[in-house]
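A structural walkthrough
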Amino acid sequence: MSDLDLLTQSLARNVKRWRNERGFTLDALAARAGVSRGMLIQIEQARTNPSIGTVVKVGDALGVSITTLLDYEQGPKVRVVPAEQAVRLWHTDAGSYNRLLAGTEAPGPLEMWDWRLMPGESSPSDPHPAGTVELVHVTAGELTLTVDGAEHRVPAGASASFEANVPHVYGNTGRVPMEMITAVSVPPVR
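First, a word on scope: everything that follows refers to the structure included in this document. Predicted model only: the values in this text are computed from it and were never measured. (Residues numbered from 1 in each chain as written. Predicted model: local features only at pLDDT ≥ 70, side-chain atom pairs only at ≥ 80, totals over all residues. Heavy atoms only, no water.)

**Some details on the nonpolar core**
Counting residues in each nonpolar core, the largest one holds 39 residues, and the members touching the most others are Leu29, Val58, Leu62, Leu69, Leu143, Tyr170 and Met180. Aside from chain neighbours lying at most four places away, what touches Leu62 is Val15, Trp18, Arg19, Arg22, Phe24, Leu29, Leu69 and Val189. (Core = buried A, V, L, I, M, F, W, Y, C linked by side-chain atoms within 4.5 Å. Buried < 20%, exposed > 50% of the residue type's maximum accessible area, 1.4 Å probe, protein only. Contact = heavy atoms within 4.5 Å.)

Structural data, given as structure tokens:
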């Protein structure tokens, strides 16, 4: 079985588990996530490989991290994630990518990501739930961070934080690859 098949099955099992734990019907979760009921059925039956945007919307609606949706193992209080187990969820032919390094529930989803954007590439994001905060630390190149239409330059060595309940874009308008670490904190579902 391929890694993609394992992720698809884990996502199916965990979306259904968390939907039931939250007491959401398919219709209620679809409305909260802004995705179709049919898409949720396909996800829960492991018949589709949804986009990262869809997985983020479902996770936000359930109030759990992508890490939790992809793998729910109750283990020790310390969880070490070997480098080879970081999950690459997005990439381009030019070499841009993001990798989910680690995540936890504290008290809502908290995720740490490794990003690389090649020159001229960008990755847009829909608004996250109110109260979501993102932190970025640029380790190479310069990030062009656009939050709710306002552009901000974040050079190597600098960090930024922002409320992520508005549209935002990670971009690289420079001539060299941009690399950064991000953390995303989503409030728990009430």
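Having put the structure on the table, let's press on.
**Notes on the pairing of strand S5 (residues 133-140)**
Both S5 and strand S8 (residues 159-163) contribute to a ladder of 5 bridges, which runs antiparallel. Bridge pairing links Val136 to Ala160 in S8. Judged from the 7 bridges that link them, S5 and strand S10 (residues 178-185) form a sheet pairing that is antiparallel. Each bridged residue has a counterpart across the sheet, and for Val138 the counterpart in S10 is Met180. (Pairing = 2+ DSSP bridges. Helix = DSSP H or I, 4+ residues; strand = E, 2+ residues; numbered from the N terminus.)

**Some points on the pattern of salt bridges**
Considering all chains together, one arrives at 9 salt bridges under this definition. Among the ionic pairs, Arg17 bridges to Glu21, the shortest N-O distance being 3.4 Å. With Arg17 and Glu21 both in helix H1 (residues 3-22) and 4 residues apart, this pair spans about one turn of that helix. Classification of Arg17 as partly exposed rests on a relative accessible area of 28%. As a salt-bridge pair, Arg37 and Asp27 come within 3.1 Å of each other at their nearest N and O atoms. With a gap of 10 residues between them, Arg37 in helix H3 (residues 37-44) and Asp27 in helix H2 (residues 26-33) connect regions that are remote in the sequence. (Salt bridge = Lys/Arg side-chain N within 4 Å of Asp/Glu carboxyl O.)

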